[in-house]
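# Observations on the three-dimensional arrangement
The primary structure of each chain is shown beneath.
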Amino acid sequence: IHADNGRSAPRTGEADGLIPLVIGVTGHRNPDPSVVASLEVEVERVLRQLDQRAPNTPFVLLSPLARGCDRIAARVALRFRRRVPGMVVRVVAPLPLSLEDYRRDFANEAADAAEFEEMLTLVDEHFELPLPSGIDRHADHGGVADDSRKYCYRRLGLYIAVQSQVMIALWDGLRSGQVGGTSEVVDFCRGNRPPE
């Protein structure tokens, strides 16, 4: 599923001077395992359609590499660039927190943490977004407190939506009502301002 939000892309700054098409991704962290293969097919279908419409345009995929749909889209983009001759696809990971603090989100599951670390080595670039003002820090480790993390995720989702010309939403259509959740990002792409 993709929607063109009509925003213009930034220049790459590379010697070729080509302006990339920036593609964002939003989606669930725990998709049903039975649909993962079909989600991969859909992401590749969108990339192929975009490539057919703009065959000389490089792509930048923005994925924060969270478990689930973010990693699905990043993996597909990485495979796509290897399979399509001459296709330029950069995968860039904006992070909602400092890398050290973000790692806490994956620390409870060894396989999840290992997959995140592997994906981090495969992407072309990653960077940390600045924290929103007024965010509380945890006294023990200095990272963002658990009850404030959701606002960092909201900022990340909205950042990706604003920076992208195309958003891929891997979403079941159900509204969770979570701050920074997929439904909030989709609503923002459709022109609805999130609550303060």
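Refer to the structure printed above.
Heads up: these notes are all about the structure in this document. Keep in mind it's a predicted model, so treat the numbers as computed, not measured.

Turning next to helix α4 (residues 110-122). For α4, which comprises 13 residues, the first-to-last C-alpha distance of 19 Å matches the rise-based estimate of 18 Å (1.5 Å per residue) to within 8%. Turning to α4, its buried residues number three or more, namely Asp112, Phe116, Met119 and Leu120. Down the axis, α4 shows its buried residues gathered within 105 degrees of arc, on one side only. Along α4, exposed side chains directed more than 90 degrees from the buried face belong to Ala110, Ala111 and Thr121. Buried residues along α4 sit against α2 (69-83), α3 (99-103) and β5 (125-128).

Looking now at the nonpolar core. If you look at the biggest cluster of nonpolar residues, it comprises 52 residues, and the most contacted ones within it are Ile23, Leu47, Phe59, Leu65 and Tyr102. Looking at this core element by element, the count peaks at eight residues for α2. In contact with Phe59, not counting residues within four places along its chain, are Leu21, Ile23, Leu47, Leu50, Asp51, Met87, Val88, Val89 and Arg90.

This part takes up unusual backbone geometry. Positive phi outside glycine occurs at Leu65, with the angle close to 65 degrees. Secondary-structure assignment places Leu65 in the loop between β3 (59-62) and α2.

A complete count under the given rule lists five aromatic pairs for this structure. Ring centres of Phe127 and Tyr159 lie 6.1 Å apart, and the angle between their planes is 75 degrees; on these two criteria the pair is classed as edge-to-face. Of this pair, Phe127 sits in strand β5 while Tyr159 is found in helix α5 (residues 149-163), placing the two residues 32 residues apart along the sequence. The exposure class assigned to Tyr159 is partly exposed, which follows from its relative accessible area of 27%. Taken together through their ring pairs, the aromatic side chains of Tyr102, Phe106, Phe116 and Tyr153 make up a single cluster. The ring of Phe106 carries the charged tip of Arg71 above its face, separated from the ring centre by 4.9 Å.

Before going further, it helps to examine the pairing of strand β2 (residues 21-27). In terms of burial, β2 is a largely internal element, seven of the seven residues being buried. Burial along β2 is two-sided: the face carrying Leu21, Ile23, Val25 and Gly27 and the face carrying Val22, Gly24 and Thr26 are both buried. Judged from the four bridges that link them, β2 and β3 form a sheet pairing that is parallel. The residue bridging Val22 from the neighbouring strand is Val60, located in β3. The parallel pair β2 and β3, bridged by helix α1 (residues 36-53), forms a crossover whose chirality is right-handed. Summarising the sheet, β2 and strand β6 (residues 166-170) pair through five bridges and their orientation is parallel. Its bridge partner lying in β6, Thr26 is registered against Ala169.

The rules behind each value
- Residues numbered from 1 in each chain as written.
- Predicted model: local features only at pLDDT ≥ 70, side-chain atom pairs only at ≥ 80, totals over all residues.
- Heavy atoms only, no water.
- Helix = DSSP H or I, 4+ residues; strand = E, 2+ residues; numbered from the N terminus.
- Expected span 1.5 Å × (residues − 1).
- Buried < 20%, exposed > 50% of the residue type's maximum accessible area, 1.4 Å probe, protein only.
- Arc of directions from axis to C-beta.
- Contact = heavy atoms within 4.5 Å.
- Core = buried A, V, L, I, M, F, W, Y, C linked by side-chain atoms within 4.5 Å.
- Phe/Tyr/Trp six-rings, centres within 6.5 Å; stacked < 30°, edge-to-face > 60°.
- Lys NZ or Arg CZ within 6 Å of the ring centre and 35° of its normal.
- Pairing = 2+ DSSP bridges.
- Right-handed = clockwise from strand over helix to strand, strands pointing away.

Note that all results are geometric; they support no functional claim without further evidence.
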